[in-house]
Each structure stands twice: as C-alpha cells, then as structure tokens.
Amino acid sequence: MARLVTARHAVSTNPLKSSAPLGAALAYLGIEGSVPLLHGAQGCTAFGMVHLVRHFKEAVPLQTTAMNEVTTILGGAEQIEEAIENIRKRAQPRFIGIASTALAETRGEDVAGELREILARRRDFDATRVVYAATPDFDGGLQDGWAKAVEAIVSALVPATQQRDPDLRQVTLLCGSHLTPAEIEELVRMVRAFGLEPLVLPDLSGSLDGHVSGNWSGTSLGGTPVDRIALAARSVCTLAIGEQMRGAARIIEDRAMVPAQVFPALTGLKPVDGFVRALMEMSGTPEPPPSIRRDRARLMDAMLDAHFFTGGLRVAIAADPDLMFGLGTALAAMGAEIVAAVTTSQHSPVIGQMPCETVILGDLGDFERAARVGDAQILITHSHGRHAAHALHLPLLRVGFPVFDRIGAQDACRLGYRGSRAFLYEIANAVQAIHHRPRPEDFGATPPPEEFSHVPHSAPC
Amino acid sequence: MSDALTNRIAQVFNEPGCATNTAKSEVSRKTGCTKQLTPGAAAGGCAFDGAMIALQPIVDVAHLVHAPLACAGNGWDNRSAASSGAETYRLGLTTDLTELDIVMGQGEKKLFRAIHEVIEAHHPAAVFVYATCVSALIGDDIGAVCKAASAKWGTPCIPVDVPGFVGSKNLGNKLGAEALFDHVIGTLEPETTTPYDINIIGDFNLSGELWQVKPLLDRLGIRILGSVSGDARYRQVAMAHRARVTMLVCSKAFVTLARKLEERWGIPYFEGSFYGISDTSDALRRICGLLIERGAPAELALRCEALIAEEEARARAALEPYRPRVEGRRVLLYTGGHKSWSVVSALMELGMEVVGTSMRKATENDRERVVQIMGDDSHMYENMAPREMYTMLRDAGADVLLSGGRSQFVALKALVPWVDVNQEKHEAYAGYMGMVDLVRAIDLALNNPMWADLRSPAPWDAPLATGAVLPAPQGACPITHIAAHPGQLPAALARPLAVASGSATDFEDC
C-alpha cells in the first residue's frame, strides 16, 4: 500500500536510527556469557555503550579493537587477535560476537578471512566461540545490524544436517530487535501454554531484563546458552518474530530443514490470532489453554473501550521497519489514521505494507515536519522524539530504542493478547491526557455578551 | 591522515604549560603523551568525542558531523550542557554518509550542500564541521569545503579535524581547542571592554554549573567575556582575546589553549576549580589578584575577601545540619583530576572518612594536595577493575561511591549508594552552594530507608522452623459455595444460571 520516499536532503537533522553495529552488539548480548566486540575506533564502542546504558540502565559489556591511525592504514587483523586475547584474559567469555564498523569497512578489510586464519592458528581460543558480522554504519540501521548478527550466529553455530531428527515439543523463537525483554517473556509464556518448549534466540529476557544478580561479571548475564544454539536444528519449527528474522530462519531451514513461519507483527487481535492458531496446529491442541482464551476475551474488551479514542486518531510514527509496521498496523486496525510514518532502513518488505500512503526514509526532522503537515494528534517514536513533541505540543509515546528519559523500557510489553491490551490503554490514555474543554470559539460561536458577566466586588463594610 | 594533522598532534602533545610533559626527558616527550590503546581492554571516547564535548556547548553554533550515522546518531543529545539562549547546539546534525556517497566520492559535495541546508534552516552564528574516521579515510578536505562555504554564504564555517582513530577523548579536547584558536578567537572585537573581563576555559556549564558560580562573579562586577565553552555564544569565543585574565578549569585538556592566549595576546592564566568550598574561594582570589595586576582597582581584593567570608560562612552554616547524617560514613571517590582533592577536603571537614580516591587524569600538583589533605598517599589508587570495585563495595568497604556513570552499576548492583559526580550528571555541584547540594545528594543516597530493606534477607534465606503440615480443606468456600471435595461439581454450577426477569433492554437508563 505504502510507497517509500527517500528524504531529499544532504543533512540529517536529529537522527532517528541507531547504527547497525549497535544492533549487532545488542543481538550478541542475548547470548549467555558473551562480550560483543566492535571492530573500529574506540569511539564507535564508547558512543554505543553510553547509548545502551542510557536505555537499559545496566552495565553493558562492550569492547573495541581500538583501531588507530596505523591500523587504519595497514589493517587491523592483529588488533582483532589481541582484542580476543585480552577479552578472554579479563572476562573469560564463552562467546565473542564481532561487528565491523564504517571505519573497518571503508578501508575494505576482509575480516571474515582474517578471523578464519586467526582462529585456525590460535587453538587456545577454542573455548570461546567467535562469530563475525559485517555491519558498516553507512548501510541500514539497528534492525539491519541485529538481523545480520543473528544470521551470523545461526550460520556459525547451527549444524548442517542431512536428516531430520525433530524434537516435537521444541520450537525455535527467533526474536527481532524490536522485542523488549518483557515481550520475549510474554511470547515464551504463550508458547509454553501450548505445551511447547521455546528455544529463544537471541534472548535478552535473561540478560537485559534488569535484575540484581549477586555477583559481578565482565560478560552478559543470562541469554541463550551457546551450547543450546545448535539444538535449533532439532526444533519442530522456527518461529521468526519480525520480518527481519526471515533471513536467519531461512538459514536454519537450509542447513537443517527446519520449516519456518514468519510473523511480521504480533500486536493487535488478528496478528496474535494467527500466532495462536499456529501454536495450536504445531502442538496439536484443539482447545487453547484457559489463560489464552481469557486474555483474548480481555483484549476484545480493551478494544471496545479503546476504539472511542483510536477511531480517527491521527498518528505519527517513526521507528525501525518492524516496530513501525507492528504498532502502525495495530492502530490502523483500530481505526486510527497514520498521517506520518518515518523509518530507518530501506531493506524491508513490510514498508510496502504499511497502512498509509508514504513512508519516509529519514530522520526526526522529517518526522516533525510530516507530523505537523499531517496535523498529528499523537507521536510514537523513541526518546529523541521529545524535541518534536515539545515543538508540536503533542503527547509522545516512547517506543523502540533508545528510551533514556523514562525508566523501565525493558518492561514495556506491546505484543500478544496481553501486550496489545496494554498498548491500547497506553494510546487511549495518552489521548485522554490532552485536556481540552470545549469553548464556543471551537465551533465558531460567540461567547455571551460581556454585559451579562458577573463582576466580583468586595462586600460593603 | 594529513601531514598538517600529524604535526598538529605532535605540537599539542609538546606542551610547555603541562607539568607532566616538562618533567619528561627529551626522547619521551617526542613520543607524545597519548597512551597506546589496548584492543579488547580500552574504554572511553575517541578524539571526535572529545572535540564534540569541548565545542558543543557553544549554544548558537550548528555542529555538523561529517560521517556515517554512528558518530552523531549514537551520540547526539546525550550531555546536559545548559543554554541560557539559543538551542541550536542541541540539534543532531550529520551528513549521514551512505555507502553510495563513499563509493562515488560524493562526500565533499554532500557536505557543502549540508552546510547550505543548515544555514538556511537554522541561521546559526557559525557552522562547526567535524571530520571523522570515514571522512578522513576517504580524503574529504573539510578545510576547503568550509572555506568555500564561508565565502559563499557569509556564515563562518569552522573545520574541526578530529578523526576518532587519532587518539583519545583528551586529544580531541585539545584539537577542538586548537580549532578555536586557529579559526575563531580574535576574529571579532567587543564593543567595550572593562578591567573586569575574564575568560573561563574548560567549564561546559553541565546542568548549569557555571550559573552556580556566576552570581559570585556578578557581585564582584566581573564579566565573563570569553567562555570555552559553557553557555557560550560564538561571538564570545571570537572576542576571548580581549579578556584580562583566563581561568582554566579542566587543566589537562585545555592548558595549550590558555598558554597560547597568554603568548599571543598576553592574557595570564591560572588553573583553578569551582568544586569545594576552599577551591572556590581560591579561584575567586586568584581571579581578583590577576585582574588587579592587569590594572583593575585594588579595592577589588577587599570586596572579594568580604564576599568569600560571607559565602563561606553561609555555606558552612548550610552544611552543618548534614553533619550528623553523614559523619563517620566512608566514601570511595572514583573521578578524575581536579575534582578529587577539593571535594575530599570538604567531605573530611564534615567528618566523612574518605577510604579511597582515584588519581586518574590527576596532575602531580593534584597528588601533592591529596597527600597534604589526607596525610599520606595510601588512599590513592590509579585504576580499579569493575570486578575488584564490586567486591570491595559488596564487602562493605565503603558506604557510598562518588563516581561517573561508568561505575554506577558496579555500586548499585553491590547494593551500595551511588552519587554521580561526573560530567554526565544531572545535578550541579559547583561553587559554595553546589557543595551543599552535593552533600545533600550524598545524604539522600546514604540515608534512603530502601537500603536496609534491600539488604535484608529474602523469605527463603532462613530455613522454616517447623515442618508444619496443612490440614485438609474442609467445608465450602464462603463466596462460591463450592465444597472442598475435588471431583464433585456443586449443583449450582452444573446448570445454567437463571436469567433475571424483566425486559432485556431496561438496564440502561436512557
């Protein structure tokens, strides 16, 4: 339905997207005992780390190969080897995920080749699995980096098999970058309700959910255990959450013949119905568990209550493609009108399916302009949207990454029957918070003449 | 990297104004003071980050980052430098170089157009253009583009040549300051000057800290003419060469700029700090002393002493109520440079015990002061690994940690109170009243009743006293009247409920 237009300007004002290497690093943090390593100058890591810490309010292990002017010219393979060695010494990780940056990619380094050579030579690194994804900053955004990292993980760690030996109770849940820890938990709950055991990859619900653990670690705490990733070959099915996970699901399909189903969005009644139907079929459960039934009934009721506020609501949304699509379609299904949609990456088929005329590939400057032109009533984007919200005097619902001026971003759940219900409440309440008492001028009427007005006076003594 | 930049870096590292540098041998001075970064064990920002930190607080300037997305996209809008006027500096502006731009060599043209768009849309006092790793690697000449753009549109366009790979944040601070010295300072003349005009270099007005000090200067009639770069206007920086005195606040990074101002324009400088009571007083005395040397009336010194006496008494009186709440509590300080000793002395005055203070980024002078205040150097340490710090805090080695955001979670996860004293903080702690605010923050952190609850045992930490066995359920639920006999459904639920009599539509009152 929608057409993608690229904003025509040389300067990007108030960037919307976060960079691809950051997305890759985030995906790597969903593996247990991992340290993500960015191959670039140390600033690439420092900025990324500050960004992650501001969002999650957690210490985040993130390392750099610290390229300097010499390695920028002569090549950084030695830096990678040294970095792996130093990280292993300091943090004993089970997994190191490397992501390249614009600096390494502009010089055109063959990191994959160099890394193969290093790992073949350094057998002492064997206890740590090292995975590499090419994620130049100049191509795509956070979502693309995340997808490339997950593809790199499954390519490296899911074994190629010639014969299916499925575990009929296990499903692989490939989670996109747009899922919060709470949303992963909700999906796990739903899958388990059907007697299935999910293998979640990458799993931020254990590592970045915000908890006090009782000891300090230089690696990620929680996440998908490295050894478990190979078991994805035995799952009865791969459920890819988000269009961005299609690539990784395909790789598992090609390597291990595991059939895949992609769910581009899981917010709103119909998308969740599709997911529940798939779980019913997969588990051979003709009757859904009572909790699922009840959650659906409650979502229906929330829709009835919320539609008074969402019907005709003019929404401006800016986010990575999958998040924009998920929330945008859910609101459109509730009668809202998407008057401005801005996204970060051209690499996604869901952009074409957005329920609006155009999607802008641009920044928050474009977002503010489009929201103004479209006379939006509510803004949906990440925390940097506060500048637009301030300028336009509109409520801002903070979604996606980064959310740094509110706490508890990891606990927001906007998918499944329960999360959809919460999302509708959020929207309806934001709308109701705009307090406006009707005035005669609103309708072109004149107020009663002055002469009828009571003039307060003090009592005579 | 261009020869010009290589020479520039060699030059800023050979700093006669820096005590550490002058103490070095001829050979080691040549190698510069940049530490080789260790891959896989490095922390902290790059040179670009440093330049941005140094210059971004100039509020009416558009800061345009010539780079692929990450440099600006991951880093904009993340510091709390405050402005009393223009908000232009808050914009996140980048050329967002794409693969196509890089492959086709369109970087310079895109930059030129971007500068134009920025000038058209925001009418900034100037455009600062930052080179980064990628734009340096593909050989974009930002100097030439800035020159052409300045000539064409009349808005000063200032090149800041700081690709991240050349070094650390500290080097970036220096290179940013160099850009100001080369292209900005001395380009405009103030309408009037007074004998009370000063420069403040190295304060970024984070969370409004400059404004905590400004009332003191206002009362003495001292005018901040040049500021690098807290709440600065472009014109202020351009006129900085007409000040009488320079106060250098963050000495490590900006000493070169201060020295050059002295060499070229004859403006004397001193290093001082506005953290802590005694430091604030010292700084005011030095400012006034130097101003008098440069021709201000001598009565300034008297007014200054009167102000100091009044403000110190006021601050001490304001601090006194906190004494019983913080006395005897143990502080671990993990910050850099000048903040250490001045804050240490103020906390010790209140009876707090400082169990350790880090000496990262501190000068010899700073060290001497700490020894002087604390008696010996046994409490000084260089770096502490997070795990080590975590263990120390968890084992109750300190009651509160004062540090920057990097170690925030080390303390919090060890269930130890933490107070932010670094640049990213959102509270202002400068000047006399800032010290009161800091102690108040320490009090709030230390004495929050939450800590006792957090540290108390979980319900399952103690074994159950007796192995009590629950009696079997008896009778029926008072609400549902379902009998406590599993397997039997009560008759009331086995058949459908009767529908209430009356019309099916009469329940709505309409």
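Look up a bit, the structure's there.
Figured I'd write up the structure that's included with this text. Position labels on residues start from 1 in each chain and follow its written sequence. Key to labels: chains lettered from A, ligands numbered from 1, both in the order written. Where local features are concerned, this predicted model is filtered to residues with pLDDT of at least 70; where side-chain atom pairs are given and counted, the filter is 80 or more; whole-chain, interface and lining totals use all residues.

So, the nonpolar core
The tendency in soluble globular proteins is for nonpolar side chains to be buried as a group.
Part 1 of the reasoning: Counting 285 residues, the largest nonpolar core has Val150(A), Leu174(A), Ile241(A), Val315(A), Leu64(B) and Val129(B) as its most contacted members.
Part 2 of the reasoning: Looking at this core, the element that brings in the most residues is helix H7 (residues 142-157) of chain A, giving nine residues.
Part 3 of the reasoning: C-beta atoms are placed from the backbone for every residue, and two residues are taken to be in contact when these atoms lie within 7 Å. Non-local contacts of Ile241(A), meaning those with residues more than four positions away in its chain, are made with Leu173(A), Leu174(A), Cys175(A), Gly176(A), Leu179(A), Leu187(A), Phe263(A) and Leu266(A). Linking buried Ala, Val, Leu, Ile, Met, Phe, Trp, Tyr and Cys residues through C-beta atoms within 7 Å yields a set, and such a set is a nonpolar core. Three exposure classes are used. Buried residues have 20 or more other C-beta atoms within 10 Å of their own C-beta, exposed residues have 12 or fewer, and partly exposed residues fall in between, all C-beta atoms being placed from the backbone. Only DSSP runs of H or I reaching four residues or more are called helices, and only runs of E reaching two or more are called strands; each is numbered from the N terminus.

Here we look at the environment of Gly230(B)
Residues and elements named next belong to chain B.
Part 1 of the reasoning: As for its position among the elements, Gly230 is in the loop between strand S6 (223-229) and helix H12 (234-238).
Part 2 of the reasoning: In this structure Gly230 comes out as buried when scored by C-beta crowding, with 26 C-beta atoms within 10 Å.
Part 3 of the reasoning: Once the C-alpha coordinates of Gly230 and Ala240 are considered, the two residues, ten residues apart in sequence, prove to be 13 Å apart.
Part 4 of the reasoning: The residues touching Gly230, leaving out its near neighbours within four places in the chain, are Pro57, Ala81, Ile200, Asp203, Phe204, Asn205 and Leu210.

Remarks on the interface of chain A and chain B
Part 1 of the reasoning: Taken together, the contact pairs 55 residues of chain A with 52 residues of chain B.
Part 2 of the reasoning: Residue assignment for the side of chain A that touches chain B shows that the elements contributing at least two residues are strand S2 (12-13), helix H1 (20-28), helix H2 (42-56), strand S4 (63-64), helix H3 (69-74), helix H4 (77-91) and helix H5 (102-107) of chain A.
Part 3 of the reasoning: For the side of chain A that touches chain B, the per-class residue count stands at 23 nonpolar, 22 polar and ten charged.
Part 4 of the reasoning: Strand pairing requires that DSSP identify at least two bridges connecting the strands. Strand direction decides the pairing type here: S2(A) and strand S2 (residues 93-94) of chain B, joined by two bridges, are antiparallel. Residue pairing in the sheet places Ser12(A) in a bridge with Thr94(B) of S2(B). Gly is placed with the polar residues, together with every amino acid not listed as nonpolar (Ala, Val, Leu, Ile, Met, Phe, Trp, Tyr, Cys and Pro) or charged (Asp, Glu, Lys and Arg).

Overview of the pairing of strand S1 (residues 61-66) of chain B
All names here are of chain B.
Part 1 of the reasoning: Of all the six residues making up S1, six are buried; the element is thus mostly covered by neighbouring parts of the structure.
Part 2 of the reasoning: In S1, alternate side chains face the same way, and those of Val61, His63 and Val65 on one face and Ala62, Leu64 and His66 on the other are all buried.
Part 3 of the reasoning: Both S1 and strand S3 (residues 126-131) contribute to a ladder of six bridges, which runs parallel. Within S3, the position partnered with Val65 by the bridge is Tyr130.

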